[in-house]
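Close look at the chain arrangement
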Amino acid sequence: MNSEDAIDLEAVETLSERERAAVETQLRRLADDELVIAERYTDWQVRSPTLESDIALANIAQDELGHARLWYELLKRFGYDETDLIWERDPADFRHSTLAELPFEEGDWADAIVRSTLYDVAEDIRLHALEGSSAPAIRDRVGKVLDEEDYHLDHADSWLERLAADEAGRSRLQAALDRLYPHALTLFEPAGDVEEDIDELGVRTATLSEMREEWLTRVGGTLEGLGLDVPDADVPESAGRDGDHTDHWHALHDEMTETYDHLERDYASTIMS
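Residues numbered from 1 in each chain as written. Predicted model: local features only at pLDDT ≥ 70, side-chain atom pairs only at ≥ 80, totals over all residues. Heavy atoms only, no water.

**Focus: a negative patch on the surface**
Keep this limit in mind: What makes a patch is a set of residues exposed beyond 30% relative accessible area and free of salt bridges, joined within 9 Å when like-charged and within 5 Å when nonpolar (Val, Leu, Ile, Met, Phe, Trp, Tyr). Methods summary: accessible areas were calculated by the Shrake-Rupley approach with a probe of 1.4 Å, and residue burial reflects only the protein chains presented. Counted as salt bridges are all cases of a side-chain nitrogen of Lys or Arg within 4 Å of a carboxyl oxygen of Asp or Glu. Charged residues are defined here as Lys and Arg on the positive side and Asp and Glu on the negative side; His and the ends of the chain fall outside this count. The location of each charge is read from NZ of Lys, CZ of Arg, CG of Asp or CD of Glu. The numbering of helices and of strands both runs from the N terminus, where a helix is a DSSP run of H or I of at least 4 residues and a strand a run of E of at least 2. Buried means the residue's accessible area, taken with a 1.4 Å probe over protein chains only, is under 20% of the maximum for its type, while exposed means over 50%, and partly exposed covers the values in between.
Together, Asp81, Asp84, Glu88, Asp254, Glu255, Glu258, Asp261 and Asp266 make up a region of like negative charge exposed at the surface. Residue position: glutamate 258 is located in helix H11 (residues 258-262). On the accessibility criterion, glutamate 258 (53% relative accessible area) is exposed.

**What to know about the side chain of serine 238**
How we decide: Contact definition: two residues touch when any of their heavy atoms are within 4.5 Å.
Along the chain, serine 238 turns up in the loop between helix H9 (208-225) and helix H10 (247-256). On the accessibility criterion, serine 238 (18% relative accessible area) is buried. Apart from residues no more than four positions distant in its own chain, serine 238 is found in contact with Thr98, Thr186, Asp244, His245 and Thr246.

**Observations concerning empty space enclosed by the protein**
To locate leftover empty space, one rolls a probe as large as a water molecule over the atoms. Threshold: Lining residues are those with an atom within 4 Å of a point, where the points come from a 1 Å grid over the protein atoms alone and group into cavities, where a 1.4 Å probe fits but cannot get out, or pockets, open sets with protein on both sides within 12 Å along at least five of seven lines. Grid points are joined across faces, edges and corners, and a volume is the space filled by probe spheres set on the points. Each residue is assigned to one of three groups, with Ala, Val, Leu, Ile, Met, Phe, Trp, Tyr, Cys and Pro labelled nonpolar, Asp, Glu, Lys and Arg labelled charged, and all others, Gly among them, labelled polar.
Scanning the model with the defined rule gives one cavity of 30 Å³ or more in all. Its boundaries defined by the atoms lining it, the largest cavity holds a volume of some 100 Å³. At the level of secondary structure, the elements contributing two or more residues to the lining of the largest cavity comprise helix H1 (17-41), helix H5 (109-128) and H9. In terms of residue count, H5 provides more of the lining of the largest cavity than any other element does, three residues in total. Residue composition of the lining of the largest cavity, grouped by class: seven nonpolar, one polar and four charged.

**Things to note about the packing of H5 against H9**
This is how it is decided: Convention adopted: a line fitted to C-alpha atoms gives each axis, helices being fitted over their contacting stretch, and angles between N-to-C directions are expressed from 0 to 180 degrees. When describing relative orientation, an angle under 35 degrees is termed roughly parallel and one over 145 degrees roughly antiparallel, while 65 to 115 degrees is termed roughly perpendicular and anything else oblique. Each crossing gets its handedness from the near helix: less than a right angle anticlockwise from the far helix is left-handed, clockwise is right-handed.
At a minimum axis separation of 10 Å, H5 and H9 run at an interaxial angle of 140 degrees. It follows that H5 is oblique to H9 by the angle criterion. Classified by chirality, the crossing of H9 by H5 is right-handed. Side by side, H5 and H9 meet where Leu118, Val121, Ala122, Asp124, Ile125 and Arg126 of the first sit next to Met211, Glu214, Trp215, Arg218, Val219 and Leu223 of the second.

**What to know about the layout of surface pockets**
Of the volumes computed, that of the largest pocket is approximately 220 Å³. Lining the largest pocket are 14 residues, and of these Leu35, Leu65, Arg69, Ile86 and Trp87 sit closest to its centre. Contributions of two or more residues to the lining of the largest pocket are made by H1, helix H2 (51-75) and helix H3 (82-87). Counting residues per element, the lining of the largest pocket draws most heavily on H2, at six residues. Class assignment of the residues belonging to the lining of the largest pocket gives a composition of eight nonpolar, one polar and five charged.

**Some words on the environment of tryptophan 44**
Of note, tryptophan 44 is situated in the loop between H1 and H2. What tryptophan 44 contacts, discounting residues up to four positions off in sequence, is Asp54, Leu57, Phe104, Gly107, Asp108, Trp109 and Ala112.

**Notes on the packing of aromatic side chains**
To keep it simple, the criterion reads: Within 6.5 Å between ring centres, the rings of Phe, Tyr and Trp (the latter by its six-membered ring) count as paired, and their orientation is classed by plane angle as stacked under 30 degrees, edge-to-face over 60, tilted in between. Here, a charge over a ring is recorded when the distance from Lys NZ or Arg CZ to the ring centre is within 6 Å and its angle to the ring normal is within 35 degrees.
This structure, assessed with the given rule, holds seven aromatic pairs. Here the aromatic rings of tryptophan 44 and phenylalanine 104 are separated by 5.8 Å at their centres, their planes lie at 65 degrees, and the arrangement is edge-to-face. Here tryptophan 44 is found in the loop between H1 and H2, whereas its partner phenylalanine 104 is found in the loop between helix H4 (98-101) and H5, with 60 residues between them in sequence. With relative accessibility at 4%, the residue tryptophan 44 sits in the buried group. The buried category is assigned to phenylalanine 104, whose relative accessible area is 13%. Note on tryptophan 44 and tryptophan 109: the rings are 5.1 Å apart at their centroids and 80 degrees apart in plane angle, and the pair reads as edge-to-face. Placement of the pair is tryptophan 44 in the loop between H1 and H2 and tryptophan 109 in helix H5, with a sequence separation of 65 residues. Judged by relative accessible area, which is 3%, tryptophan 109 ranks as buried. The side chain of arginine 89 reaches across the aromatic face of phenylalanine 94, ending 4.0 Å from its centre. Residue placement shows arginine 115 over the ring face of phenylalanine 104; its charged tip is 4.1 Å from the ring centre.

As structure tokens, this is what we get:
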């Protein structure tokens, strides 16, 4: 990549409206997905099947929150603060996939593992598509996130094999897959016409369609290899990327911002810079 082609987030005031919209859209997709799926993972705290799995999922949730913060920190360069980006943001302005917001089937660990598999494979693919981003500030953060995502993938794979080892486990995995798979497709839904600019400006090096095809191949091979049937599903009406979410999102958003609202805050407190 030529230096003159780089999108410099150290000097956002020099960006064109087209460049700014493309970068913001990509960053919001990344950050919102990570924030919301981390919040949903906390539902499993002290409810996981073993102490080890409880700690593992807590660590994964913490990782995802850290990744969300990396992307939100870049968005702050456009003049936003944490209050704008999270705590006082209208729920309809979030652009996460609906896969992240769905509640878990009560008590079914298979749901958590299938969700992690579908999400983390997609995350791995899109991170690799950002390694050559025209925005150095984005690509410089990819390596750190990928290192932690490898652990997430390994955790999901090991539990998939464990649960698929008998007929009862496979039945639970299949039920979770049937429920979650359509919403996983929303991970590759466009956020309007700006997607063409994201590709043309080199913010990422693979289109949503190309990433979706790779995801279908990888996920399909893994699941079918375990004796599961990949559903022939369509993207649900509420896809998330355009701000149209399921009814579950509003309840989760209220839960996520409850303490901030209860304390009547109008700014985001920090312990340290």
